[in-house]
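Structural overview
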Amino acid sequence: MKYGVALIGVGNIAKNHLEGYLNSKDKCEIKVLCDIFEDKAIEFKDYYNLSCEVITDYKEILDRDDIHIVSVCLPPSFHKQITCDFLKHNKNVLCEKPMADSLSEAREMIKAKDNSKGLLSIISQNRFNKSLMKIKKMLDDNILGKVVYTRVNSMWYRGSNYYDLWWRGTWEKEGGGCTLNHSVHQIDILLWLLGKPISVYSVIKNYLHNNSEVEDTSLSIIDFENSIAQLGVSLNDHDEKQEFFIQCEKASISIPWSVKCMKQQDNGFPEEDLAAEKKFNEIYNSLEEITLEGHSAQIKNFLDAIDNKSELIVSAEEGYNALEVITAIYKSSLYKQLIELPLEYNDEFMNKETFIKKMPRFYEKRKSVENLTGKIST
C-alpha cells in the first residue's frame, strides 16, 4: 500500500517536500494540495504535472481514509492548530520549522502527538548532510575528545523585499525574525551535537529591514555544561555562509569538514601535527555516507519510521528544545540578562500573547503582498 500525502500550503518550501516525496514514490503518492489561494495551488499542480485534488480548506480531509501523511508548509503561526487537528485524526504529520511560534503551542502539539496513533516530526533538513552525519558520529564516539568551544555562523542574505510577503515581518504572524526562522537550523544542529544548554545571553537588532518589526541580526553566547558556543545570525551577509567551527581536545574541525591539529613545543607554543590531521581525515573518509540529503533524506526517515523500520531522527521534543533556546534568546535580549535553561513551565515567555507584547518593534510593517516570485535558498 502506498501512503496518501497532503501538502498543506504550496509556498516556496512546499517544492522541497514534494521533491522528497517524489524521491520515495514507491512508498507514497501526492493526493491533495491545499492552499487558501486556489489559483496558486492549481499552478503548483500543473507545474509539477501532478494528478491530485486541489482544496482550500484542510478540514475537508481530516477524516479521509486515503490521507495518511500531512506536510505542514505554512507560516509558524498556523503550525499548532493544523498539526493538532490532523494528529487528533491519527494522521502522520511532518511540520516545517520552527515547530511553533510559542512554547505553549509546541507543548500542545506534543500532547496531541502523545494522544495520537500518528507520528510528528519537525523539519530539520540540515541534519541530513553527508559531512554533518559523519562529524556527529565522530563526536558521539569521542574520537576528537571533549568539545570545549563552538562558533556558529548562521549567515543569510535577504533583501528588503523579503518582508513584503503578508505574513513576514511581524511578531504576531511570523513569531520572530532571523533567530527564529533562520538560525533554528543551526540551533537544532548545535543541540543535536552538544546536548541541552544551561543558559544564554543575547542581543538582537534590526539594521537594514525597515519593513519589519522583527530582528535581522542577533548574537548569542550559549553555555553548556562543559563547553560554550557563540551564535551569530544575520540576514545582511552577502556571502551567505552557514558554518560550524568546533574546538575539541585533539583537533579543531569545521562543518563543512576540515580539520587542523597542533601539538605543543617545549615552550607551549604550537607546531602543526600533520600526522594527527592525516589520521582524522582517514577516519572521516572511512565513515559511511548517507545516500540522500536535505528534505528528501528526512522524508525517507519519516516514512521508514511510520513503517517501524527506524527511529525518527528529528522528534517533536527536539523541535521543542530548539524553540526553547530561541525563546530564551529573545527573553535575554529584552531584559539584557543571562537566562537560565530550561525555562520554567509558567515563564511569561511561554505564551505568544505575553511575550510579543514585550518585544521591540524595530520598524512598522508598511507593505504587504500576497505572493512573491523568484528563487529561494534553504
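An account of the accompanying structure is given in this report.

Rules used in this analysis
Residues numbered from 1 in each chain as written. Predicted model: local features only at pLDDT ≥ 70, side-chain atom pairs only at ≥ 80, totals over all residues. Heavy atoms only, no water. Helix = DSSP H or I, 4+ residues; strand = E, 2+ residues; numbered from the N terminus. Contact = heavy atoms within 4.5 Å. Core = buried A, V, L, I, M, F, W, Y, C linked by side-chain atoms within 4.5 Å. Buried < 20%, exposed > 50% of the residue type's maximum accessible area, 1.4 Å probe, protein only. Pairing = 2+ DSSP bridges. Phe/Tyr/Trp six-rings, centres within 6.5 Å; stacked < 30°, edge-to-face > 60°. Lys NZ or Arg CZ within 6 Å of the ring centre and 35° of its normal. Salt bridge = Lys/Arg side-chain N within 4 Å of Asp/Glu carboxyl O.

**Things to note about the environment of Ile-55**
Take Ile-55: it is sitting in strand β3 (residues 53–55). If we skip the residues at most four places from it in the chain, Ile-55 touches Val-32, Leu-33, Cys-34, Asp-35, Glu-60 and Ile-61.

**Brief notes about the nonpolar core**
In terms of nonpolar packing, the biggest core is built from 89 residues, with Ile-8, Phe-86, Met-99, Leu-120 and Ile-246 touching the most fellow members. For this core, the element with the highest residue contribution is helix α11 (residues 316–335), accounting for nine residues. Not counting residues within four places of it along the chain, the set of residues in contact with Ile-246 comprises Leu-139, Val-147, Tyr-149, Thr-150, Leu-193, Ala-251, Ser-252, Ile-253 and Ile-255. Counting 22 residues, the second-largest nonpolar core is a separate cluster that includes Phe-44, Leu-50, Ile-69 and Ile-299.

**What to know about the sheet that holds strand β12 (residues 252–255)**
A sheet is described by the order of its strands in space; here eight strands give the open sequence β13-β12-β11-β7-β10-β9-β8-β16, paired in mixed fashion. In this open sheet, the two edge strands, each paired with only one partner strand, are β13 (258–260) and β16 (339–340). When β12 meets β13, the two strands line up antiparallel, connected through three bridges. Among the inter-strand pairings, Ser-252 is bridged to a residue of β13, identified as Lys-260.

**Brief notes about the packing of aromatic side chains**
Scanning the model with the defined rule gives nine aromatic pairs in all. On the basis of an interplanar angle of 50° and a centroid distance of 4.9 Å, the ring pair of Phe-44 and Tyr-48 is categorised as tilted. Exposure remark for Tyr-48: the relative accessible area of 23% places this residue in the partly exposed category. Taking 5.1 Å as the distance between ring centres and 85° as the angle between the ring planes, the aromatic pair formed by Tyr-162 and Tyr-163 counts as edge-to-face. For Tyr-163, a relative accessible area of 1% corresponds to the buried category. An aromatic cluster is built from Phe-44, Tyr-47 and Tyr-48, whose rings are joined through pairwise contacts. Directly above the ring of Tyr-284 sits Lys-134, whose terminal nitrogen or CZ lies 4.5 Å from the centroid. One cation-aromatic arrangement involves Arg-168 over Tyr-162; the distance from NZ or CZ to the ring centre is 3.9 Å.

**So, the pattern of salt bridges**
Per the stated rule, a full pass over the model turns up 25 salt bridges. With a shortest N-O distance of 3.3 Å, Arg-127 and Glu-318 are connected by a salt bridge. Of this pair, Arg-127 sits in the loop between β6 (120–122) and α5 (130–140) while Glu-318 sits in helix α11, and the two are 191 residues apart along the sequence. Assessed through its relative accessible area of 1%, Arg-127 is described here as buried. Look at Glu-318 and you get partly exposed, because its relative accessible area is 24%. Of the charged contacts in the structure, one is a salt bridge between Lys-260 and Glu-272, with a shortest N-O distance of 2.7 Å. Remark: Glu-272 occurs in strand β15 (residues 270–272) and Lys-260 occurs in strand β13; sequence separation between them is 12 residues. Of the residues examined, Glu-272 reaches a relative accessible area of 37% and is grouped as partly exposed. Counted as one network, the salt bridges with shared partners bring together Lys-27, Lys-300, Asp-304 and Asp-307.

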